[in-house]
Amino acid sequence: MKLQRKNRVRALAVGALAVSGALALSACGSDETSPSGGNSTKAANIKCEGKGELLASGSSAQKNAIDAWVQNYAAACKDIKVNYQPTGSGAGIKAFNQGQTAFAGSDSALKPEEITASQKVCQGGKAINLPMVGGPIAVGYNVPGVDSLVLDAPTLAKIFDDEIKNWNDAAIKKLNPDAKLPDLKIQAYHRSDDSGTTDNFTKYLKGAAPDAWKHEPAKTWAGKGGQAASGSSGVTSGVRQTSGAISYMELSYATSSKIPTVKLNTGAKEPVEATVDNASKAIAEAKQVGEGNDLALKLNYTTKAEGAYPITLVTYEIACDKGNKAATLPATKSFLTYLSSQEGQNVLKDLGYAPLPTEIADKVRKAVAALS
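Residues numbered from 1 in each chain as written. Predicted model: local features only at pLDDT ≥ 70, side-chain atom pairs only at ≥ 80, totals over all residues. Heavy atoms only, no water.

## Structural notes on the nonpolar core
- Core analysis: the largest hydrophobic core is formed by 104 residues, its most contacted members being W69, L156, F160, I246, F335 and L336.
- Tallying contributions element by element places strand β4 (residues 127-142) first for this core, with nine residues.
- The contact partners of W69, leaving out residues within four places of it in the chain, are M132, V133, F335, Y338, L339, G344, Q345, V347 and L348. (Core = buried A, V, L, I, M, F, W, Y, C linked by side-chain atoms within 4.5 Å. Buried < 20%, exposed > 50% of the residue type's maximum accessible area, 1.4 Å probe, protein only. Helix = DSSP H or I, 4+ residues; strand = E, 2+ residues; numbered from the N terminus. Contact = heavy atoms within 4.5 Å.)

Printed below as a string of structure tokens:
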């Protein structure tokens, strides 16, 4: 009995220490995220305005970034709940122009007709493009026995237009003389939903291989053959689960799923890998084509600069420059201000995204501050 009693006392003591330790860790965690703690740069530098639920939808390319941003923002701004649905760029713009959301995410700048449509929602104003997330569109593949793969624009175009059908095709062999390419059918996956990622990927194919890619760039897939899947997560799952598969996806999806990615033969001295730094080199060459606070950018998909990865996208947050709903305007400005801040942009690199160049980020912050 004495021995049992001693064991119980000892167990209670250990339990008490575990609980106190957990509370201490919890308190440390609270300091990292609490808006009143004052010890966290994440919380201390987020200015919370407004309250209630902030609805948004669109680009699935930025989902991993949005998830991280929302987590940080929610820790600081307890009265605001950001609800972002990764429905795809086309669906996001449609919902925004129907007045269903406070802002939208799109991997392509708005088309003129989409800006015109936005004037019904943006009373006295129009929708503008606010670049927020940059990053490479990786080409992920699942080819047994092939750990390194080099492709160029014409070969990619023919693969995705169902003209090159097998992994041991002569064109692929020429680019990969040392690889053991199997006699295996190519399973090319593309997005079934309207997607800004598709738009940017086909802009690359059209710009870098116009003779091989006959279709016009668009959010809707126009290539022949292949298999369709919904969203970035859908095509990623298709590649991961299918031997012989290949698809285009944001680097963060390939990285998180441990899918190997294609190196591009761009005409530079060495094939270029899909990395955040290599994407940043391409984004730095972008030119602003929007006017005023509309910060739409034109990317150079045909660059041959050393280390510049040309299949790069910029995701925009779409918001009204004027005529935002009074109920959601303060929270919209607060959240977008955090996204474009140095703290918000610092979140991106570890997630496989490219932070905005300083000059562009400064313009975004000014444009967000001017929303009304």
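## Things to note about the environment of Y84
- With respect to the helices and strands, Y84 occurs in strand β2 (residues 80-85).
- Among the residues examined, Y84 registers a relative accessible area of 11% and is labelled buried.
- When the C-alpha atoms of Y84 and S59 are compared, they prove to be 9.6 Å apart, with 25 residues separating the residues in sequence.
- The residues touching Y84, leaving out its near neighbours within four places in the chain, are A56, S57, G58, S59, Q62, I66 and G105.

## Describing the packing of aromatic side chains
- All chains considered together, the criterion is met by nine aromatic pairs.
- The interplanar angle of 35° and the centroid separation of 6.0 Å between the aromatic rings of F103 and F335 together place this pair among those described as tilted. Separated by 232 residues along the polypeptide, F103 in strand β3 (residues 103-106) and F335 in helix α12 (residues 329-340) bring together distant segments of the chain. Across the pair, exposure class does not vary: F103 and F335 are buried alike. (Phe/Tyr/Trp six-rings, centres within 6.5 Å; stacked < 30°, edge-to-face > 60°.)

## A look at the pairing of strand β6 (residues 187-191)
- The buried fraction of β6 amounts to four of the five residues, a majority that puts the element mostly inside the structure.
- Two strands pair when backbone bridges link them, and β6 and strand β8 (residues 245-250) are joined in this way by two bridges, in the parallel orientation. Looking at the pairing, Q187 lines up with A245 of β8.
- In this structure, β6 lies alongside strand β7 (residues 227-229), joined through three bridges in parallel fashion. Paired with R191 across the bridge in β7 is A229.
- Considered for its hand, the β-α-β crossover made up of β6, helix α8 (residues 196-208) and β7 is right-handed. (Pairing = 2+ DSSP bridges. Right-handed = clockwise from strand over helix to strand, strands pointing away.)

## Considering the confidence of the model for the chain
- Chain-level statistics for the chain give a pLDDT mean of 88 and a share of 88% at 70 or above.
- Confidence over residues 1-42 falls short of pLDDT 50; this stretch has 16 contacts with residues more than four positions distant or in other chains. (pLDDT = per-residue confidence, 0-100.)

## Describing the packing of α12 against helix α14 (residues 358-369)
- Here α12 crosses α14 at 170°, and the two axes come no closer than 9 Å. In terms of axis orientation, α12 runs roughly antiparallel to α14. When α12 is examined against α14, the residues K333, L336, T337 and S340 are found in contact with a partner set consisting of A361, V364, R365, V368 and A369.
- Of the residues in the contact of α12 with α14, the class split is five nonpolar, two polar and two charged. (Axes fitted to C-alpha atoms, helices over the stretch in contact; angles between N-to-C directions. Parallel < 35°, antiparallel > 145°, perpendicular 65-115°, else oblique. Nonpolar A, V, L, I, M, F, W, Y, C, P; charged D, E, K, R; others polar.)

## Brief notes about the layout of surface pockets
- The volume enclosed by the largest pocket comes to roughly 300 Å³.
- As for the largest pocket, its lining consists of 15 residues, of which A109, K203, L297, K298 and Y301 are closest to the centre.
- Looking at the lining of the largest pocket, the elements with two or more residues in it are α8, β11 (297-298) and β12 (312-320).
- With three residues, α8 is the largest single contributor of residues to the lining of the largest pocket.
- Of the residues contributing to the lining of the largest pocket, the split by class is eight nonpolar, two polar and five charged. (1 Å grid on protein atoms, 1.4 Å probe; cavity = no way out; pocket = protein on both sides within 12 Å on 5 of 7 lines; lining within 4 Å. Points joined across faces, edges and corners; volume = space filled by probe spheres on them.)

## With respect to the state of the cysteines
- Throughout the structure, instances matching the rule amount to two disulfides.
- One disulfide in the model links C122 with C320; its S-S distance is 2.0 Å. Given an S-S torsion of about -70°, the disulfide between C122 and C320 has left-handed geometry. One end of the pair, C122, is in the loop between α5 (112-118) and β4; the other, C320, is in strand β12, and 198 residues separate them in sequence.
- Given a relative accessible area of 0%, C122 falls into the buried group. (Disulfide = S-S within 2.5 Å.)

## Some remarks on helix α11 (residues 276-283)
- Turning to α11, its buried residues number three or more, namely V276, N278, A279, A282 and I283. Mapping the buried residues of α11 onto a view down its axis gives an arc of 160°, with all of them on the same face.
- Among the structural elements, β4, α10 (251-256) and β12 are those in contact with the buried residues of α11. (Arc of directions from axis to C-beta.)

## Overview of empty space enclosed by the protein
- Scanning the model with the defined rule gives one cavity of 30 Å³ or more in all.
- Estimates place the volume of the largest cavity at around 50 Å³.
- As for the largest cavity, its lining consists of 13 residues, of which G134, G135, E250, L313 and Y353 are closest to the centre.
- Those elements giving two or more residues to the lining of the largest cavity turn out to be β4, α10 and β12.
- By residue number, the principal contributor to the lining of the largest cavity is β4, which donates four residues.
- Its residues assigned to classes, the lining of the largest cavity comprises six nonpolar, six polar and one charged.

## Looking at the environment of C77
- Among the secondary structure elements, C77 is positioned in the loop between α3 (63-76) and β2.
- Residue class for C77 comes out buried when judged on its relative accessible area of 2%.
- Through-space distance from the C-alpha of C77 to that of I46 is 8.0 Å; in sequence the pair is 31 residues apart.
- Those residues in contact with C77 that lie beyond four places of it in its chain are I46 and C48.

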